[in-house]
Amino acid sequence: MSKNYMGILSGPPTYKRPDEVVDPITPASKLFIIAHLGVPKVSIEDWSLTVDGLVHNPTVFDFDAIKDDFEKVTIESVLKCSGSPRTPTTPTRQVANVVWGGALLSDVLRRVGIHGDAAFLWSFGLDHGEFFGHRADTYVKDMPLSRLQRGDVMLAYELNGEPLSLANGFPLRLVIPGYYGTNNVKWLKRLTLAPERAKGLFTTTFYDEPTTVWEVAPESMIVAPAKNARLPTGVVEVWGWSWSDCEIRQVEVSADNGKSWVMANLEPRRQQSWQRFSHAFRIDEPGQLKLACRATDIEGREQPETDARNKYHSLTIEVTDN
Ligand SMILES: Nc1nc2c(c(=O)[nH]1)N[C@H]1C(S)=C(S)[C@@H](COP(=O)(O)O)O[C@H]1N2
Ligand SMILES: [Mo]
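Residues numbered from 1 in each chain as written. Chains lettered and ligands numbered in written order. Predicted model: local features only at pLDDT ≥ 70, side-chain atom pairs only at ≥ 80, totals over all residues. Heavy atoms only, no water.

### A closer look at the site of ligand 1
Moving on, step 1. Neighbouring residues of ligand 1: 19 residues in total, closest F32, H36, D127, R173 and K186.
Moving on, step 2. Contact between ligand 1 and K186: an oxygen atom at 2.5 Å from a side-chain N or O atom of the residue.
Moving on, step 3. Protein contact buries 100% of the 540 Å² of open area that ligand 1 shows by itself.
Moving on, step 4. Of the residues contributing to the shell around ligand 1, the split by class is 11 nonpolar, 5 polar and 3 charged. (Near = heavy atom within 4 Å. Polar contact = N/O pair within 3.5 Å; in protein donor to acceptor, adjacent residues only side chain to side chain. Areas by Shrake-Rupley, 256 points an atom, 1.4 Å probe, with all protein chains shown as cover. Nonpolar A, V, L, I, M, F, W, Y, C, P; charged D, E, K, R; others polar.)

### Description of the sheet that holds strand β19 (residues 262-263)
Moving on, step 1. If you trace the 5 strands from one edge of the open sheet to the other, you get β16-β23-β22-β18-β19, paired in mixed fashion. Either end of the sheet is taken by a strand with one partner, and the two such strands are β16 (230-232) and β19.
Moving on, step 2. Note: strand β22 (residues 287-297) against strand β23 (residues 313-320), 7 bridges, orientation antiparallel. Each bridged residue has a counterpart across the sheet, and for K290 the counterpart in β23 is T316. (Pairing = 2+ DSSP bridges. Helix = DSSP H or I, 4+ residues; strand = E, 2+ residues; numbered from the N terminus.)

### Structural notes on the sheet that holds strand β10 (residues 140-144)
Strands pair in a sheet through their backbones, by hydrogen bonds, and they do so in one of two ways: parallel or antiparallel.
Moving on, step 1. In spatial order, the strands read β4-β3-β14-β7-β10; together these 5 strands make up an open sheet with mixed pairing. The open sheet has two edge strands with one neighbour each: β4 (59-61) and β10. Put simply, the sheet's adjacent strands are angled 20° from each other on average, direction ignored.
Moving on, step 2. Two strands pair when backbone bridges link them, and strand β7 (residues 120-125) and β10 are joined in this way by 5 bridges, in the antiparallel orientation. Following the sheet pairing, W122 is matched in β10 by D142. (Axes fitted to C-alpha atoms, helices over the stretch in contact; angles between N-to-C directions.)

### Remarks on the pattern of salt bridges
Side chains that carry opposite charge are capable of pairing whenever their charged atoms lie near each other.
Moving on, step 1. In total, this model carries 19 salt bridges according to the counting rule given.
Moving on, step 2. A salt bridge links R147 to D152, with the shortest nitrogen-to-oxygen separation between them at 2.8 Å. Here R147 matches D152 in class, with each residue buried.
Moving on, step 3. Taking the shortest distance from any N to any O, the salt bridge between R301 and E299 comes out at 4.0 Å.
Moving on, step 4. For R301, a relative accessible area of 30% translates into the label partly exposed. (Salt bridge = Lys/Arg side-chain N within 4 Å of Asp/Glu carboxyl O. Buried < 20%, exposed > 50% of the residue type's maximum accessible area, 1.4 Å probe, protein only.)

### Topic: the packing of aromatic side chains
Moving on, step 1. Applying the stated criterion to the full structure yields 13 aromatic pairs.
Moving on, step 2. Ring plane angle 85° and centroid distance 6.1 Å describe the contact between F63 and Y157, whose orientation is recorded as edge-to-face. Pair noted here: F63 is in helix α1 (residues 63-68) and Y157 is in strand β11 (residues 154-159), with a separation of 94 residues, a long-range link. Accessibility classification places F63 together with Y157 in one group, the buried group.
Moving on, step 3. With 6.2 Å between their ring centres and 20° between their planes, Y179 and W214 make a pair best called stacked. Separated by 35 residues along the polypeptide, Y179 in the loop between β13 (173-175) and β14 (188-194) and W214 in the loop between β14 and β15 (219-224) bring together distant segments of the chain.
Moving on, step 4. For Y179, a relative accessible area of 3% puts it in the buried group.
Moving on, step 5. A relative accessible area of 14% places W214 in the buried class. (Phe/Tyr/Trp six-rings, centres within 6.5 Å; stacked < 30°, edge-to-face > 60°.)

### Let's talk about the nonpolar core
Moving on, step 1. By size, the foremost hydrophobic cluster in this structure holds 62 residues, and its most contacted members are L49, F61, L105, L155, L174 and F202.
Moving on, step 2. Not counting the four nearest positions on each side in its chain, L174 is found in contact with L105, L121, S123, V153, M154, L155, N183, N184, V185 and L188.
Moving on, step 3. The next biggest cluster of nonpolar side chains, apart from the first, holds 19 residues, and it includes I248, F277, F281 and I283. (Core = buried A, V, L, I, M, F, W, Y, C linked by side-chain atoms within 4.5 Å. Contact = heavy atoms within 4.5 Å.)

### Comments concerning the pairing of strand β17 (residues 234-243)
Moving on, step 1. Among the 10 residues of β17, 8 are classified as buried, and the element is accordingly described as predominantly covered.
Moving on, step 2. Relative to β17, β15 is paired through 5 bridges, and the arrangement is antiparallel. Of the residues in β17, the one forming a bridge with E219 is W243.
Moving on, step 3. Here 9 bridges tie β17 to strand β21 (residues 275-283), and the two strands are oriented antiparallel to one another.

### As for helix α2 (residues 105-112)
Because each turn of an α-helix spans 3.6 residues, side chains separated by three or four positions end up pointing in the same direction.
Moving on, step 1. Buried within α2 are the following residues: L105, D107, V108, L109 and V112.
Moving on, step 2. A positive backbone phi angle near 80° is found at G113, which sits one or two residues after α2.

### Considerations on the pairing of β10
Moving on, step 1. Of all 5 residues in β10, 5 are buried, a share of seventy percent or more.
Moving on, step 2. Burial along β10 is two-sided: the residues V140, D142 and P144 and K141 and M143 are all buried.

### Remarks on the side chain of D297
Moving on, step 1. Inspection of the secondary structure puts D297 in strand β22.
Moving on, step 2. A polar side-chain atom of D297 sits 2.8 Å from a polar atom in the side chain of S244.
Moving on, step 3. Those residues in contact with D297, other than ones at most four positions away along the chain, are P218, S244, C246, E247, I248 and R249.

The following block contains the structure:
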């Protein structure tokens, strides 16, 4: 049987500016794209998902089996890239909020039967190749099985009600709501249950500094005004998105470079979505303004001021008197 997955299509990653992510649900066309090893060729006839390792009945599923044999669920969830694994403390602000559709992983694992010694789920993508001089024969990520208890880990085949595009992981991707993007393995080909963590390039050399890049840390991002915007004096409405692995409790905003902070209005969370915040400042003096925002989640975690992927977002705008 010909399995034509060897070809890796080219195409650079696609980044989005904060002021481009304006829709409450990010359309697929406005979603940032990350593919460390390139985008693999996928033919749906040849595609299958193998579930093996510490399971009672190792099974190979074709696409129809995943779609037809398991109940379909939808989950609205924020998707946050942790940033480049080569510079993990540099924020990149690549974020989206989408509705995933697919099967619950726990339903699929119930079918194969989990062995008592299994402690981690290893997830393999079809992609392989080089990442800045490091060889990766496969893209593999892992997740502690205890994470299944939240009941939201998915094998997703739809994004915003449409079949996954190739760039977003067609035909199937793992989705762990509240885990950083990197763990949401695209072009899924295999799930292996194991007693320990996986030893792949993206679970050891990268994304393991100093702790594993799993749960999303609290963060907030100003969408408007855009960086370097020129606005007239008067009311300046600042708004953006905030998110964490859990719900955000408060977002504060500053218009004086972090010297003073005011509480923003904050919308509630839907499922695992991001939350909109907004505040209207009255600015009567023309000049440069440094806007900033910082979020605190319901577990009391805050955003650091420096050296972190989730450090405060700030930007400068120009207020003019005409
Ligand atoms: N197989 C595979 N899955 C992957 C990646 C990858 O390179 N290969 N990149 C990850 C990273 S770092 C992110 S942030 C998300 C991005 O998802 P998107 O491209 O659909 O926005 O996919 C993740 N899943
Ligand atoms: Mo990422």
